[in-house]
Amino acid sequence: MSGKKKMVIVGGNPLSGEVHVSGGKNTSVAVIPATLLCDEPCTIENLPDIDDVRALVDILRSLGATVDYEPGVHMVVDPTTADGFQVGYRNAQRLRASYYLIGALLGRRRHAEVAFPGGCKIGTRPIDQHLKGFNALGAMTEERGGTIIADAEELLGNDVFFDMVTVGGTINVMLAACKAEGTTVLHNAAKEPHIVDLANFLNSMGANVRGAGTDLIRIKGKPYLHGSTYAVIPDQIETGTLMIAAAATHGDVNITGCIPTHMEALSAKLLEMGVRVTDSDDSIRVRMSGSHRAVNIKTQVYPGFPTDLQQPMSALLTTAHGTSIIQETIFESRFKHMDELIRMGAQIRVMDRTAIVEGVPSLYGAPVTATDLRAGAALLVAGLMAKGETEIYEAEYIDRGYEHIESKLRSLGANIRRELVEA
Ligand code: EPZ
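No experiment lies behind these values; they were computed from the predicted model shown.

Procedures and definitions
Residues numbered from 1 in each chain as written. Predicted model: local features only at pLDDT ≥ 70, side-chain atom pairs only at ≥ 80, totals over all residues. Heavy atoms only, no water. Helix = DSSP H or I, 4+ residues; strand = E, 2+ residues; numbered from the N terminus. Rg over C-alpha atoms; globule rule 2.2 N^0.38 Å. Buried < 20%, exposed > 50% of the residue type's maximum accessible area, 1.4 Å probe, protein only. Contact = heavy atoms within 4.5 Å. Areas by Shrake-Rupley, 256 points an atom, 1.4 Å probe, with all protein chains shown as cover. Lys, Arg positive; Asp, Glu negative; His and termini not counted. Charge placed at Lys NZ, Arg CZ, Asp CG, Glu CD. Salt bridge = Lys/Arg side-chain N within 4 Å of Asp/Glu carboxyl O. Polar contact = N/O pair within 3.5 Å; in protein donor to acceptor, adjacent residues only side chain to side chain. Domains from an automatic or database assignment. Buried area = accessible area lost by both parts, 1.4 Å probe. Phe/Tyr/Trp six-rings, centres within 6.5 Å; stacked < 30°, edge-to-face > 60°. Core = buried A, V, L, I, M, F, W, Y, C linked by side-chain atoms within 4.5 Å. Near = heavy atom within 4 Å. Nonpolar A, V, L, I, M, F, W, Y, C, P; charged D, E, K, R; others polar. 1 Å grid on protein atoms, 1.4 Å probe; cavity = no way out; pocket = protein on both sides within 12 Å on 5 of 7 lines; lining within 4 Å. Points joined across faces, edges and corners; volume = space filled by probe spheres on them.

Caption draft 1: Here's a closer look at the overall build of the chain. When helices and strands are counted, the chain shows 14 helices and 24 strands. Relative to its length of 423 residues, the chain is compact, with a C-alpha radius of gyration of 21 Å against a globular reference of 22 Å. For the chain, the proportion of its 423 residues judged to be buried stands at 58%. Long-range contacts, defined as pairs at least 24 residues apart, comprise 72% of the intrachain contacts of the chain with a sequence gap of at least 6. On the chain, roughly 15700 Å² of surface is accessible, and the fraction owed to carbon and sulfur atoms is 50%. Measuring between centres, the 40 positive side-chain charges of the chain sit 3 Å from its 50 negative side-chain charges.

Printed below as a string of structure tokens:
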């Protein structure tokens, strides 16, 4: 644990004031690999300064690209010098999205050797649909010694029918298809905001991607993509986490720089609980006083309730008035944080992919451990609303997806700090 830090929170302060949302993690980790498809330098703006972005800077540089990254300003990528095709175990393991380098390298140079990705342990997370899509475009794929090897004499557009809606599969095959010959049609495609954002970035380079945001995406391959300057969309999940934290602390927070239409499933649930949610063009105000009602949550693909907000939401539900039922339909093992919430006084019963939450008057601070990124977010929310002090170990998980989260929460009145973990 040497050098490891824990997050220490003294709960009970209602969050109030204004906070600006950072650029999206899940869009950034798709857009950055996509720069390898370009035939000229690209500039990406509004990137969040998080570990996943920094990992991708290292990966692009290891492939030979020139990357000028100024956190909070922009990232200038010159892919013209990138003649590598391998991503090793250590780099690939740093994040889930390292597997997007397969689609990007197939599109760029018809060959990729990428070690299996890392990412949150919330299920088995196979990539069979990604490989199915690459095979449909004419690429041979095989897994050898923990590395995925993809190779194509030529990449020819084709129809790809995903067996289930997969964000990663949709993104990965879209990347390869952009530089294939002919037209590719993705059927049963994911519709998340970051799919649309990636398509907009690709089209800004001269690609031809139509239908992103629907379940049918048509991509006409292009031999040459020109440079572009592009700003990624705000983070839908950070926005939601801040909305939940505002409600959980009975606060009054205005979240700026967000896209309210991306938040509709959560906003509707919060309104159902008795939380006051007011949308403006690019901000959402969340106010909560008095008690909040229990509700049922069933995670779905976009535009349903996001699985990434199930964990922070479960913290809010621990003190709702009544019994809430949470069904996690996307991942088979995304309830690990429930044990930690129980340590803080929550009353939760987990049965397979269903959690039954009996509301209690209050949570109490305790030492807890984050098991993945959004579990860490759930414990953050719990610590903010609990009576007393909470220590969150393995807080590094939180840094993977939330930029400067302590300073944002402190600016809203939270009593939160980071401390070295004692040996
Ligand atoms: C992306 O993961 C996100 N990660 C996840 O966010 C998010 O929870 C998830 O989409 C759903 O929205 C990134 O964007 C980097 P999927 P991904 O492919 O692409 C199964 C966070 O906290 N599946 O949509 O891995 C899979 O096992 C992270 O920011 C296959 O069976 O999700 C899962 O049960 C966590 N075979 C379901 O589909 C495949 O080939 C949805 O997975 C692909 C997926």
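Caption draft 2: Representation of the side chain of Asp 235 in the model. For Asp 235, the position within the fold is in the loop between strand 14 (229–231) and helix 8 (236–248). Buried and unpaired, Asp 235 has Arg 374 as its nearest opposite-charge partner, separated by 5.1 Å. At 2.8 Å, the side chain of Asp 235 forms a polar contact with the backbone nitrogen of Ile 237. Leave out the neighbours within four places in its chain, and Asp 235 touches Val 21, Ser 22, Gly 23, Gly 24, Lys 25 and Gly 401.

Caption draft 3: Highlighting the domain arrangement of the chain. Partitioning the chain into domains gives domain 1 (5–21 + 234–420) and domain 2 (25–231). On the side of domain 2, 23 residues touch domain 1, which itself brings 22 residues to the contact. Both faces considered, domain 1 and domain 2 share a buried interface measuring about 1800 Å² in area, 53% of it formed by carbon and sulfur atoms. Summed over the three residues of domain 1 that lose the most area to domain 2, namely Tyr 302, Arg 400 and Glu 403, the buried surface amounts to 36% of that side. Inspection of the region where domain 1 meets domain 2 yields eight residue pairs in polar contact (both at pLDDT 80 or more). Listing elements by their share of the side of domain 1 that touches domain 2, those giving two or more residues are helix 12 (373–385) and helix 13 (396–399).

Caption draft 4: Representation of the packing of aromatic side chains. With the rule as written, the count across this model stands at two aromatic pairs. With a centroid separation of 5.1 Å and 55 degrees between ring planes, the pair formed by Tyr 99 and Tyr 100 is classed as tilted. Each member of the pair, Tyr 99 as well as Tyr 100, is classed as buried. Ring centres of Phe 201 and Tyr 230 lie 5.6 Å apart, and the angle between their planes is 55 degrees; this geometry places the pair in the tilted category. With a gap of 29 residues between them, Phe 201 in helix 7 (residues 193–204) and Tyr 230 in strand 14 connect regions that are remote in the sequence. With relative accessibility at 0%, the residue Phe 201 sits in the buried group.

Caption draft 5: A look at the nonpolar core. If you look at the biggest cluster of nonpolar residues, it comprises 74 residues, and the most contacted ones within it are Leu 101 and Leu 202. The contacts of Leu 202, once residues within four sequence positions are left out, are Ala 34, Leu 37, Met 174, Cys 178, Ala 207 and Val 209.

Caption draft 6: Inspection of the site of the ligand at higher detail. Close contacts around the ligand come from 23 residues, with Gln 129, Thr 166, Val 167, Asp 308 and Ile 330 the closest. Burial of the ligand by the surrounding chains reaches 91%, relative to a free accessible area of 830 Å². Contributing elements (two or more residues each) for the shell around the ligand: helix 1 (25–34), helix 5 (128–136), helix 6 (167–177) and helix 12. Along the lines of polarity and charge, the residues of the shell around the ligand split into ten nonpolar, six polar and seven charged. If you count residues domain by domain, the shell around the ligand takes at least three from each of domain 1 (5–21 + 234–420) and domain 2 (25–231).

Caption draft 7: Just the layout of surface pockets, in detail. There is about 960 Å³ of room inside the largest pocket. Around the largest pocket sit 43 residues that line it, and Arg 125, Val 167, Gly 168, Ile 330 and Phe 331 are the ones nearest its centre. Of all the secondary-structure elements, those providing two or more residues to the lining of the largest pocket are helix 1, helix 5, helix 6, helix 8 and helix 12. The leading source of residues in the lining of the largest pocket is helix 6, at four residues. Within the lining of the largest pocket, the residues separate by chemical class into 19 nonpolar, 13 polar and eleven charged.

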